[in-house]
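# Commentary on secondary and tertiary structure
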Amino acid sequence: MSPAATLLRTERAIVDQVSEPRRLIGRDKELTGLVNAIDEGCTRAGGIILLSGEAGIGKSALLATGVREIRNRRWQVYTLGCDEIARRTPVGALCLALRRAKFPSAKLAALAGDVAAAGEAPGGRQDGELFVPVLRFFDALRERVPCVLVADDLELLDFETISLVEAMTRRRAAHPVVLVGGLRVPRANNAGRLGRLLRRLDDAGYLRSIMLDELADDAMAELTELTCQASSRRSVQEAVRRDCGGNPYYALQVIEALGERPESDTAEPSTPESVDGISLSGRRRAAILSLLPELDGVVRSVAQALALLGPAPLARVDLVVRMTGADAADVDTAFDTLVRGRLVEVTDEAYTFRHPILRHALVQELGPARRRRWHQIAAAWIQTLPASAARNLELARHIRHTAEFGDDQAIELLARVAARACQQRLPSSACWLDAAIRLTPRTHQRYPELMAALVRALYLSGRMRDAVERGAPALEDLPRGPDRDRLATTVIEALAAGSTTSRAASILDAECGPGANLIHDAQAGTVYALSGRAQDARKVTKSVVDRVAAASPDDQVKVLGHLAHLYCVTADIPALQRVLTELKSAAERSEGSSQLAAVAVISYVSASLGDTKACSESLRQADQLIVNGGDRHYRNKLTVARVGNAVNLGEWSAAVELIEASSDELATSESLAFLATLTDVAVELHAHRGNWRQVRQAAVRPRPDAVAFDVTLASAMTVADQLTGDYAKARARLRPYLSRTSTPARLRVGLLCRLCEVEVESRQFGAARDTLRELDCYASAGVDRGTSIVGKLCWGQLSGDGEVLRQAYDEADQYGFVFLKGRAQLYLGMIGVDTEANLRQALEVFHALAAVPWRRRVAAEMRVRGLKVPRHRKRGTEPLNPTEAQIARLVQIGRSNLSIAKAMSLSVKTVEANLSRVYARTGFANRMELVRALDAGLLDNG
């Protein structure tokens, strides 16, 4: 059974049946208020404490947690079972609770027996006779300890028990009796006996109410994190945020519903049902609707009709009359009932369901025949209204359920709605396009256009696998023409994003005749280069360069972007710099998605070149363009650029956090090329910090089935081999790829840099000189900043030339390469250039980066030279308290905040608050710095 199913099974359980502590999510403030209210009630005359909130909001869970807090104080706590049977039996729930309880004295046990006997007497007793033994029992109990009665739902508790609590507030005793209970709002019996009694207690000051509002977004995200798999977490969080309105019970139902579907459908489905919400099983639908108040007759029909119409103007209530066939007055009354029951909200002359998941369940409760008939009635009625974009969207919701296959008017309407949605929300556009295609014959003139648009929308939404699965088979059916070209372009881009370059090359071979399509030829250059077909890449690139000037501005952006990636792969730095200049000019002439595409490529390439200033500037420009939206594919490219730039600038913690935050989404969307790039960066960073366990974990993440990414991973893993002194293993990783003539030039340059570092470190100076000579062949044509600096560092170490190392330092300082600047200072100090100053500065750099292996190396060099190694003490002076020390120890062994919260029976927010105090007292900025300090013995962890 899944975690969400386990929580669902116990969500409404009676609190005394909860055997294990259940961690409360997002209710710390309410829990504190509840415990304080019970404390206050138990120091006064007693009374009633109400937990008020809508069904499923978490009253039972809060009660269970609060009761555990009270039981720990050794107060007498009785849990009253609340159901329809107990409700009809005076003090029946109390008698049952006393029969199960254990008592501290024989006298109390005997009095409890009298209460049970009175409640079970044949023929029952009058209230007065029944109350006498109950009052005797509580009078005796209250002489010893406070008493707390717990009722999960006051509306299902017998009225006599609540009256007893009122009576006991007027009877003097050493300790009070407090009744703590949950109550749904709006109250069903607000005008009945219960409502009158509660108002009377409130007027007398014996009633305290705690309102439970909807959970905040961060709490709902935490709930999702606790109950769903990492691979689908982001899409599930989006569904929970969209459909559940902060209600945890509905959130669990949504998570379970998504978990019941195939893995490929856990993201937003390509089927048009996603416009109507999540598909629910009959059992799941019944569980969601079970929390609703009784909806009988006209009220239920009106609720279903409103749900089918969706969020709409209030004028649609007239349409509901026609759909249901009910009297207008009855429909008005039913609508008012739904508003009072808080199922429906009215704002600005429109209505909407408070929780969209309820709307989906009500619609899916309808039978297919009635649903279709209501859609037909609604479509006919809406068609009589004046045309507008909003009217078209509303009409499309109904038309697509009723239109016949091949209906030209329906196809045209759905295509218009999809085009408008494309400007606002791409996933929704994909759903409308899919709906249009389902009505369109393959021979229809609009079929190629619609299919190309659908696959493009899927690709730009980050759904690479769906784009390929829908687009590749369609290529076989479409005739030659612009639509087929657009479709092929998107399929190839999706394959390249997943690094399935061999399949992309096959499609290019089939689709592209010589010079047939500029975009395809531009794609082919990069794909062929990555596939090891260097000669084909050069041939097609020459053709592209000759034709790009005559292309349209949007096509120029696409072509120049492909050329930029090609020159990155082939390490043709002069050509790459020329293309970047042209791309910046094209970006200024473009707008919308074309401008964002250009800026994303500029950022990506600038980060690869090590031009930190240009990259930072283009990232700022991208942030402005992406504020109001932006395609996910471009966001992925920008994420890689941000990470690369952060690494260069020494912002390693930010880079690691961004990688961790992005990896799940990239894996879900199968953007494996971007994921592999970030993984390689993570491997290097963790190795430089000495996080060997994280290195191993990162190395086994999903990767593309492409040799190029085997090369980059081997290069990254070499850092770990080098820092652990396993130089033979490092050389063995690198040499097989260097021996292949098909290895792209850029990858070869990176491998040569890494091999040179290994050979210098292992004191293989002759081999290192040979490697540097080979590297110089590429350097003469230009290399990126990082490669240039590393080459100077290696040569400076080999030759002992302080001037070369000083040049490396100056270049690293100019472009903000913090880590390489620290290495330059280390090597300068090692050869005797201003030894103490350089080694101290290098120590500070590596300490700030939490690069523990490098910091230890600097410390060792200082000790060899008789220099004192400065201790990096924590800034704070206060010692950690026991809780903070325990959390610090759990952080040190790699436990997440969620895992720590479970282990210590705390909420995640409490753990986060304690960690913030730990950081403030120790002077460390994040958990990585804290762990490194603990591992290095720089901080006493208690």
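Details of the structure are given in the entry above.
Now for a description of the structure that goes with this document. (Residues numbered from 1 in each chain as written. Predicted model: local features only at pLDDT ≥ 70, side-chain atom pairs only at ≥ 80, totals over all residues. Heavy atoms only, no water.)

Once that is clear, we can look at the sheet that holds strand β5 (residues 207–211). Reading across from one edge, β2-β3-β4-β1-β5 is the order of the five strands in this open sheet, with parallel pairing throughout. Here the strands that pair on one side only, and so sit at the sheet edges, are β2 (76–80) and β5. Direction aside, neighbouring strands of the sheet carry axes that sit 20° apart on average. Pairing of β2 with strand β3 (residues 147–151) involves five bridges; the strand directions are parallel. In the strand pairing of β3, V77 is matched with V148. (Pairing = 2+ DSSP bridges. Helix = DSSP H or I, 4+ residues; strand = E, 2+ residues; numbered from the N terminus. Axes fitted to C-alpha atoms, helices over the stretch in contact; angles between N-to-C directions.)

This part takes up the pattern of salt bridges. Per the counting criterion, the structure on display carries 31 salt bridges. Notably, a salt bridge pairs E30 with R27, separated by 3.2 Å at the nearest N-O pair. Salt bridges sharing partners connect three or more residues here, namely E54, E214, E345 and R354. (Salt bridge = Lys/Arg side-chain N within 4 Å of Asp/Glu carboxyl O.)

What follows concerns the pairing of β3. Of all five residues that make up β3, five are buried, and the element is covered over most of its length. Here β3 shows a buried face lined by C147, L149 and A151 and a second buried face lined by V148 and V150. Bridge analysis of β3 against strand β4 (residues 177–184) gives five bridges, and the strand direction is parallel. Its bridge partner lying in β4, A151 is registered against G181. Viewed along the sheet, the connection from β3 through helix α8 (residues 159–168) into β4 turns out right-handed. (Buried < 20%, exposed > 50% of the residue type's maximum accessible area, 1.4 Å probe, protein only. Right-handed = clockwise from strand over helix to strand, strands pointing away.)

What follows concerns helix α44 (residues 835–848). With 14 residues, α44 should cover 20 Å at 1.5 Å per step; its first-to-last C-alpha distance of 20 Å lies within 8% of that length. Those residues of α44 lying buried are N838, L839, A842, L843, V845 and F846. Here the buried residues of α44 occupy an arc of 165° about the axis, which is enough to place them on one side. (Expected span 1.5 Å × (residues − 1). Arc of directions from axis to C-beta.)

What follows concerns the environment of A378. Note on placement: A378 falls in helix α19 (residues 368–382). Sequence spacing of A378 and I399 is 21 residues, and the spatial spacing of their C-alpha atoms is 9.0 Å. Each residue touching A378, except ones within four places of it in the same chain, is listed here: L309, L319 and H398. (Contact = heavy atoms within 4.5 Å.)

Where like charges cluster on the molecular surface, the negative patch consists of D318, D327, D330, D332 and D336. Among the elements that make up the negative patch, the one with the highest residue count is helix α17 (residues 328–340) (three residues). Note on placement: D327 falls in the loop between α16 (316–324) and α17. Among the residues examined, D327 registers a relative accessible area of 46% and is labelled partly exposed. (Patch = residues over 30% accessible without salt bridge, like charges linked within 9 Å, V, L, I, M, F, W, Y side chains within 5 Å. Areas by Shrake-Rupley, 256 points an atom, 1.4 Å probe, with all protein chains shown as cover. Lys, Arg positive; Asp, Glu negative; His and termini not counted. Charge placed at Lys NZ, Arg CZ, Asp CG, Glu CD.)

Another point: the pairing of strand β8 (residues 350–353). By the alternation rule, side chains of β8 split into Y351 and F353, which are all buried, and A350 and T352, of which none is buried. One ladder, built from two bridges, connects strand β6 (residues 312–313) with β8; its direction is antiparallel. Along β8, the bridge assignment pairs P313 with A350. Two elements, strand β7 (residues 344–347) and β8, share four bridges in a ladder whose sense is antiparallel. By the bridge assignment for β8, E345 is matched with T352. Hairpin connection from β7 to β8: two residues lie between these consecutive antiparallel strands, with D348 at a positive phi of about 50°.

Turning next to the sheet that holds β6. Consider a sheet: its strands pair through backbone hydrogen bonds, and that pairing is either parallel or antiparallel. Read from one edge to the other, the open sheet built from three strands follows the order β6-β8-β7, with strand pairing classed as antiparallel. Edge positions in the sheet fall to β6 and β7, since each of these pairs with one other strand and no more.

This paragraph deals with the packing of helix α38 (residues 727–738) against helix α39 (residues 745–761). Viewed as axis vectors pointing N to C, α38 and α39 meet at an angle of 155°, and their least axial separation amounts to 10 Å. In terms of orientation, α38 and α39 fall into the roughly antiparallel class. Where α38 crosses over α39, the two elements pack in a sense that is left-handed. Packed against α38, whose contacting residues are Y727, A730, R731, L734, R735, Y737 and L738, the element α39 presents R748, L751, L752, R754, L755, V758, E759 and E761 at the interface. A class-by-class count of the residues in the contact of α38 with α39 yields nine nonpolar, no polar and six charged. (Parallel < 35°, antiparallel > 145°, perpendicular 65-115°, else oblique. Left-handed = near helix turned anticlockwise from the far one by under 90°. Nonpolar A, V, L, I, M, F, W, Y, C, P; charged D, E, K, R; others polar.)

Moving on: the nonpolar core. Judged by nonpolar contacts, the single largest core of 251 residues is most densely connected at L338, L487, V605 and F846. Dropping the residues within four chain positions of it, L338 is found in contact with L295, V299, V302, A303, L306, L343 and V344. One finds L50, L98, L135 and L197 within the second-largest nonpolar core, a separate group that totals 42 residues. (Core = buried A, V, L, I, M, F, W, Y, C linked by side-chain atoms within 4.5 Å.)

Turning to the packing of aromatic side chains, a few remarks are in order. Inspection of every chain in the model, using the stated rule, returns 10 aromatic pairs. Between W652 and F819, the aromatic rings sit 5.2 Å apart at their centres with planes inclined by 55°, giving tilted as the arrangement. Of this pair, W652 sits in helix α34 (residues 652–668) while F819 sits in helix α43 (residues 818–830); the two residues are 167 residues apart in sequence, bridging distant segments of the chain. Owing to a relative accessible area of 9%, F819 belongs among the buried residues under this scheme. Judged by centre distance (5.5 Å) and plane angle (80°), the rings of F819 and W854 are edge-to-face. (Phe/Tyr/Trp six-rings, centres within 6.5 Å; stacked < 30°, edge-to-face > 60°.)

Limitation: the analysis is restricted to geometry and does not speak to function.
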